[in-house]
Amino acid sequence: MVMLLDYQQNDFQFGVSQNGNHIRRTDDPFPHITEIQDALVSFYIKLRASLARNRIRETALTVEDLLPKEEKEKNEYVCYQPIYAYVNTLRTTVEDVCGMLERNGFIKEDSAVDYSNFSGRRYAIDVHLNDVIVFPRDVKFDVYNHDLVQCGFLVVQDKSRFIAPEVVRSVLFQLTLAKERAAALIPGEIRPIFSDGDDVIIVNSDSVNLIARVSCYVDPQRSLFVFGVKSSQYEDVRSILDILGVQSILYSFSW
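Notes on the structure follow. (Residues numbered from 1 in each chain as written. Predicted model: local features only at pLDDT ≥ 70, side-chain atom pairs only at ≥ 80, totals over all residues. Heavy atoms only, no water.)

**Considerations on the side chain of Gln-157**
Part 1 of the reasoning: As for its placement among the helices and strands, Gln-157 is situated in the loop between β7 (154-156) and α8 (163-183).
Part 2 of the reasoning: What makes Gln-157 buried here is its relative accessible area of 8%.
Part 3 of the reasoning: Contacts of Gln-157, omitting those with residues within four sequence positions, involve Tyr-84, Ala-85, Tyr-86, Phe-162, Ser-207, Asn-209 and Leu-210. (Helix = DSSP H or I, 4+ residues; strand = E, 2+ residues; numbered from the N terminus. Buried < 20%, exposed > 50% of the residue type's maximum accessible area, 1.4 Å probe, protein only. Contact = heavy atoms within 4.5 Å.)

Here is the structure:
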């Protein structure tokens with residue numbers, strides 16, 4: 001029921017639409033997902049009829065009234081939350097992304113914008129993270145279907161998922177400072193052992209975006225070790241990471 005409500009609110013449009021018709025992207029990196037979406041679109045009349053019958057049976061004034069209380073509260077909360085996306089610095093820069101957004105009709109707002117009145121084709125740089133861009137909720141499809149997202153230059157993700165990568169970045173920064181101090185105190189011939197960067201290990205990661213985000217902070221000469229990826233998921237994970245421009249990853253599979 002929750003999924004049906006979401007589809008209903010989005011008018012069963014999952015991708016780029018034109019004159020109300022769903023259009024399959026020829027360069028879609030996730031064809032298996034698009035196939036499922038196309039199947040749902042083809043049955044949207046029956047699905048809407050099913051929702052209508054449920055409303056009549058439950059004497060519900062709106063489709064939202066069919067949801068459990070917890071889901072309604074969650075849905076109300078989500079409706080007011082902006083969309084967060086981080087700039088994939090492996091492939092582009094914040095300045096280039098902002099430039100493309102503005103050429104596409106988005107207007108940059110001050111970072112201290114009031115998100116309760118945040119709407120339309122606007123964006124702002126997050127007040128806490130200078131490589132995270134914030135969009136109004138009502139332009140969700142404009143963001144998800146934008147070439148920047150489709151090409152992996154901009155990655156949409158909940159802000160709460162940025163915490164772990166930021167901890168990694170902070171630790172790497174502190175290690176770099178410690179190495180610089182140590183290198184200044186030791187003889188020159190020993191300094192080469194203090195190579196740039198550090199290797200990073202991710203254990204049991206369930207998010208490809210998390211892997212990509214952390215890899216932005218790993219020195220190009222170092223490696224990111226990922227443990228816990230199922231061998232059956234490797235091809236899907238690798239294809240997404242290729243789109244995001246992630247390299248220098250070593251995997252340890254779980255079967």
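**What about the pattern of salt bridges?**
Part 1 of the reasoning: A complete count under the given rule lists seven salt bridges for this structure.
Part 2 of the reasoning: Notably, a salt bridge pairs Arg-213 with Asp-131, separated by 2.9 Å at the nearest N-O pair. With Arg-213 in helix α9 (residues 208-215) and Asp-131 in the loop between β5 (122-125) and β6 (132-135), this residue pair connects regions lying 82 residues apart in the sequence.
Part 3 of the reasoning: Across the pair Arg-238 and Asp-242 runs a salt bridge whose closest N-O atoms are separated by 3.0 Å. Taken as a pair, Arg-238 and Asp-242 lie in helix α10 (residues 234-244) at a separation of four residues, close to a single helical turn.
Part 4 of the reasoning: Through salt bridges with shared partners, a single network forms among Asp-131, Glu-166, Arg-169 and Arg-213. (Salt bridge = Lys/Arg side-chain N within 4 Å of Asp/Glu carboxyl O.)

**Observations concerning the sheet that holds β7**
Part 1 of the reasoning: Reading across from one edge, β4-β5-β6-β3-β7 is the order of the five strands in this open sheet, with mixed pairing throughout. Of all the strands in the sheet, just β4 (107-109) and β7 have a single pairing partner and so form its edges. Each neighbouring strand pair of the sheet contributes to a mean axis angle of 35 degrees, computed without reference to strand direction.
Part 2 of the reasoning: Docked against the sheet, α9 engages β3 (83-87), β6 and β7, running at close to 45 degrees with respect to β3. (Pairing = 2+ DSSP bridges. Axes fitted to C-alpha atoms, helices over the stretch in contact; angles between N-to-C directions.)

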